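# A closer look at the structure
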Amino acid sequence: MGLNDSSPGAMRNGRGLSDQWAESVVVRPRTTERHITVHKRLVLGFALSILTLIIVTAVAVALNVKFEDCGARDRDESTGEPSSRGPGGSAKLNGGRGERTGEKGDEEVVQPWRNSRLPGSVRPRHYDLRLAVYMDNFTFSGEVSIELECINATRFIVLHADRLEVCWRFVFAHSEDTNQMYVVALHREMKPMRVYRLNVSFDAAIEDELLGFFRSSYTMQRERRYLAVTQFSPIHARKAFPCFDEPVYKATFSLTLRHDPQYTSLSNMPVESSSLSDEDGWLTNHFARTPRMSTYYLAWAVCNFTYRETQTDSGVTIRLYARPDAILSGAGDYALHITKRLLGFYQDYFKVQYSLPKLDLLAVPKHPYAAMENWGLSVFVEQKILLDADVSSSSYQMELTMVVVHEICHQWFGDLVTPVWWEDVWLKEGFAHFFEYVGTDFLFPKWNMEKQRFLTDVLHEVMLLDGLSSSHPISQEVEQATDIDRVFDWIAYKKGAALIRMLANVMGQPLFQKGLNSLIIYATCVFDSALKAMHSEGRDIDIGEMMDRWTLQMGYPVVTISKNQSEQLPTYYITVSQEHFLYGEEVRKNNSLQLANPSPLQWQVPLTVAVGNTSAVCSESLIWINNKTETHRIGQMDDSTWLVGNINQTGYFRVNYDLQNWKLLIQQLHTNPQIISVGNRAGLIDDAFNLARAGYLPQGVPLQLIGYLPEETSFLPWHAASRALYQLDKLLDRTDEYRLFSDYVLKQVASRYHQMGWPTNGPGTEGNVLQASYQTEELQRELIMLACSFGNKQCHRQAVAYISDWISSNKNRIPPNIRDIVYCTGVSLMDEDVWEFIWMKFHSSNAVSEKKILLEALTCSDNTFLLNRLLNLSLTSDLVPEQDVIDVIIHVGRNPQGRNLAWRYFREKWDILNARYGEALFMNSKLISGVTEFLNTERELNELKEFILSSGVGAGPALPRALEIVEGNVRWHRLHRRQFYQWLRKPPTRRH
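No experiment lies behind these values; they were computed from the predicted model shown. (Residues numbered from 1 in each chain as written. Predicted model: local features only at pLDDT ≥ 70, side-chain atom pairs only at ≥ 80, totals over all residues. Heavy atoms only, no water.)

## Observations concerning the nonpolar core
Quick note on the threshold: To qualify as a nonpolar core, a set must consist of buried Ala, Val, Leu, Ile, Met, Phe, Trp, Tyr and Cys residues joined through side-chain atoms within 4.5 Å. Exposure is judged per residue with a 1.4 Å probe applied to protein chains only, and the accessible area is read against the type maximum: over 50% gives exposed, under 20% gives buried, and values in between give partly exposed. Contacts were defined at the residue level, with two residues in contact if any of their heavy atoms lie within 4.5 Å.
Core analysis: the largest hydrophobic core is formed by 301 residues, its most contacted members being Phe241, Trp300, Trp550 and Phe741. Excluding residues that lie within four positions of it along the chain, Phe741 makes contacts with Leu725, Leu728, Asp729, Leu732, Phe790, Phe980, Tyr981 and Leu984.

Spelled out as C-alpha cells, the structure:
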C-alpha cells in the first residue's frame, strides 16, 4: 500500500493520520542489476542566448546520477501482506497499517519540498550508514547508502538534512532550509514498485550542544575526557546523516563506526565484527542490522566508559556503561538490577518478548532530557541512573527508579510500537508515564505508587496546567517541525497517563491488559486503532465515543453534586452538573464569549459516588454523566449523610458540592477521618484549594478543611496539602500579612512534626529506602520540610546544628533523606562562610545526587550578592554543568530574596539562553514557567508583557501560558486576598 499525501487537507480534528499506517516492507534480495542513466534538466529564465542554452544543457546531460535498479519486483510480492515475524512469533510486530491520503495542490506536485511534510512518493527500506568519528577535532564524516522503494512515479527525492556539508556527486540537489530538506531532481522518473539506491557523502561537526550528534566531557584523575553521543528525538537525526526524518518512514539500519581504538563505540545492536586498520591503527566496528524503526530511535556513542553487565533468563544481555569511577563504585548496580527485573515484568505483562539481543544503558554527564529510549541503547543523564547508596535519599531513589521504568516501557511502547506522526505522541508517552507507577509498584509493592503518588505527582500537577484557557487538546494537529514542541509537554505525558488510568479503571484491569496485548501485537500506536483493540476486549462501552471527548477537547470538567432539595423527589436523588473548569470567573466569562461554537464543552464522565455517615461508608456506585445536568438515584440519605465523588480520584475531573455537603465532609474529617479513604482525603484537599482559587468556593473552605491535619497519619493527604500550601506561599510570601498564613500552617504542622521527629542515621541505613517504611520516611520528610520552610524555630535549630557539626568535624552525619532540606535551611540562616563551604563541597563531591542538592542549596542564600554571583557563574563558566543552569535560575527565582534577580537575569540573558536551549524540548518551557510562576504584582505582569513584545517570541506555547498564570496570580490578589486574610484573622471558633 502506498504513501500518497501528507497535505494539510488530509488532516481532521487533530487526528490526521491517526488510523493510517505504512505497511510492513520486507527487504528482499536484489534481482539482476542494471544501470539506469538519468540526467537533470536545467531551466533557464528570461532572454538567454541560444548558444548559452545549448552549452548549459550539454553540461546538464553530462552530469548525471546513477541509480542501482534492484529490478522490478513481482507485483503480488510487492502488494501482499507482510510476512516477517517478530521474535515472539507474531506477525507485524514492528509494522503498521494504512496509507497517507489526500489531495495535493498543483504547487506541491511540481515542487514537493514546499510542503512541510515529505511527499511520500519514495520511502526508505534500508540505510547502510558508515561514519568516521574524529574525537581530536570533534568532527565526523560519513557515507550513507539508502535503499529506496518508489511508491508513486516521481522525478524528485526529498529527504532531510540539517547542518551537514553534503556532497551530491553528479546530482542536482537543492537545499530547502526552511523545512531542512534536500531535493534531488532527476531527469527521468523513477518507476513505482522498483527499488533504487541513493548514495550520499557528508561531513559535520560534533556539536557542543545537546541535539544531533553532540559531545560531552567529564574529569577523571584531573584529566578532561570526552565522549560523543546522539540525541535524535524528535527531528534531529537529520543533523547526523541525510535521512527521511519522519516517524512513519521506518527502515532497517546497518551502522559502521570507525574511530581511534582508545574509545569504545555503541549502537542499538551488538557489534557484528571488528577490525583494526593496518594503516592508521583505527578501529572499525560493524553493528548488526536493526529491526525496522524510525530514524529518531537510531543511536550511537563513542566513549571510553566501562560497564557492568547481567543477563535475563531469556538470554538478553544488559550492560550499564558509565564513567570508570562510577562503575568501580557500584553506582550503576541498582539500575542494572531493576532493569533485569523490568524486562521480565513487561514481557509477562504485554505477552511480547523483548525484540533485541541486548540492551545497553548509557549514563552521560550531559543530556537535554532525563533519558532517551533508543531501542537497545537507552541514554540517561547521570543524575537519573547512578545511585550512591550512602548519600542518596529515598526520594532520589524513587525518581531514578521511575525514570528507568519509563524508558524500559518505551522498548515496547515507542520503539516497537511507534506513532505514525506526532499528534499521537501522547499515547506512547502517556502509557510510559502511567507505567512508571505500575512498574514501580511491581518492583516495590509497599510504595503503592499508582494509588497514591500518582494522584499528587501526576493528576494534581497536570490539572493545574489543564485548567488554563491556554491549554490545548491532548491530540492536536502538527503540520510542520516548528509545531512539534507543542505536543511534547506535560499535557501529553501526564494527562495522557491520567486518561489511560481512567480508562483502565473503567474497563477493569484484566480487560485493559488484554486490550494492551492486542494493541502491541498489531503494532498500533495510533489512537483510533488502540481504542478498537481495547473495545474488542472491553465491556459494553463505546470506548471511542467516550475518549474522543477527552482527547479532542481541551481541559476537563468540574462536576458539581447536590442533594436534591425538591419536595417532588425523595432524598435518595442527587443532581449532577458539569462545566468546563477554568481558573478565574473573568476567564470563564471571556472564554465563553470567544468560543466560535457557543455550545459549552461536555464530557462523558464516569462518576463514582460514595455515600457515608459518621461511622461508615454506606454504598458506592458508578454513574455515567453525558449531559450538562442530570438527576440520579443514589441511595437512601438523610441530613447527616455526606457524599464523595470520584472515588480515589480515578477520573480526570474535579468535584464540587453544595456548601452543606462540604460542611459535613469537614466535620467527618475532624471527628473520624479514617472513614474517608486516603485517596479521597487527598482528593478533597486538592479539589477544595483549587476550587477556591478558581472562584467556585469561598476562600475559607479549604482552610477549614485542613484544620484536621494534626490528626492525619498518612503521607498522601499531607503531600496533597503541602503542594497546595506551597502554591499559596508563592502568592503570599511578599505580602505584609504573610505571618498570618505561615503561623496557620505551622499550627497544623506542629503536633505531627514533633511526634514524628527527625530520622536517625545509624550504621547501614544510609540512603537505603528498602530498610524502612517508605510512607513513614516520606511523611517524616514532608513534615520537616513544612516546618523548616514556614519558620519553625526548633526545625531551624536542628538544621543549623547539623551544618555546624559537618563543618567542625568534616564528617557529614546528616541523614540522606533530609539533606536537601538541611542544606537549604542552613545556607539561608547562616553566614557567607557556610555558602563557601557548600560551594567547595559541590566541586569536590563525586556523587551525582549529592552534587545536585548541594547546587540547589546554594540558591537558598538571603545574600543577593552571592545569588548574583551564582547566576553569573552558572552561565559564563564550566563550574556548573550545562543542563543544571536552568535549575539554578529557577531555584534562585523560588527564593523570595532572589526573585527579582532571577527575573531580571532571565530577561537580560534571554538571547543566550534561547540560543542554547531553544531547540531542546521541555528546557525552554521549564525555564520560562519556572522563572515566571512566582510573579504576582501588576508591575511584574507589565514587565512580562513588555518582554513578550520586545523579544519577538510570543508565538511559543510557554510564554502565553506564563502570561495567563501571572494574570491569574494578579487577579487572585485583587479578588480573593482580602477574603483569605479576613478568614485567617477571625477563623470560626470551631473548624466544623
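## Some words on the confidence of the model for the protein chain
This is how it is decided: Summary of the metric used: pLDDT quantifies the predictor's per-residue confidence within the range 0 to 100.
Averaged over all residues, the pLDDT of the protein chain is 83; the fraction at 70 or higher stands at 81%. Predicted confidence for residues 1-108 stays below pLDDT 50, and this span has 247 contacts to residues more than four positions away or in other chains. Taken together, the stretch residues 762-772 has pLDDT below 50 and engages in 19 contacts with residues farther than four places along the chain or on a different chain.

## Examining the pairing of strand S24 (residues 605-612)
Filter applied, for reference: For the purposes of this entry, the term helix denotes a DSSP run of H or I that reaches at least four residues, the term strand denotes a run of E that reaches at least two, and both are numbered from the N terminus. A pair of strands is considered paired only if DSSP assigns at least 2 bridges between the two.
Of all eight residues making up S24, eight are buried, and the element is well covered by its neighbours. The side-chain alternation of S24 yields two buried faces, one formed by Val605, Leu607, Val609 and Val611 and the other by Pro606, Thr608, Ala610 and Gly612. Bridge count between S24 and strand S25 (residues 617-625): eight bridges; the pairing is antiparallel. Following the sheet pairing, Val605 is matched in S25 by Ile625. Linking two consecutive strands that pair antiparallel, namely S24 and S25, is a turn of four residues. Where S24 meets strand S27 (residues 642-645), four bridges bridge the pair, whose relative direction is antiparallel.

## A short note on the UniProt feature "active site" (unreviewed entry) in the protein chain
Spelled out, the test is: UniProt positions are given in the numbering used here, feature names are shortened, and annotations may be inferred rather than shown by experiment.
Per the UniProt record, the feature "active site" (unreviewed entry) sits at Glu407. Of note, Glu407 is situated in helix H6 (residues 394-410). Contacts of Glu407, omitting those with residues within four sequence positions, involve Ala371, Met372, Glu373 and Phe380.

## Comments concerning the sheet that holds strand S10 (residues 212-220)
Basically, it comes down to this: For helices, the axis comes from a line fit to the C-alpha atoms of the stretch in contact; other axes are also lines fit to C-alpha atoms, and the angle between any two N-to-C directions lies between 0 and 180 degrees.
Pairing is antiparallel in the open sheet, where four strands are placed in the order S10-S11-S16-S13. The sheet terminates laterally at S10 and strand S13 (264-267), the two strands that pair on one side only. Between one strand axis and the next, the sheet turns through 15° on average, direction left out of account. In terms of strand pairing, S13 meets strand S16 (residues 300-303) through four bridges, oriented antiparallel. Across the sheet, the residue bridging to Ser265 is Val302, located in S16.

## Examining the sheet that holds S24
Two strands in a sheet stick together by hydrogen bonds in their backbones, pointing the same way (parallel) or opposite ways (antiparallel). Read from one edge of the open sheet, three strands run S25-S24-S27, paired in antiparallel fashion. Each edge of the open sheet is held by one strand with a lone partner, namely S25 and S27. On average, each strand axis in the sheet is inclined to that of its neighbour by 25°, with strand direction left out of account.

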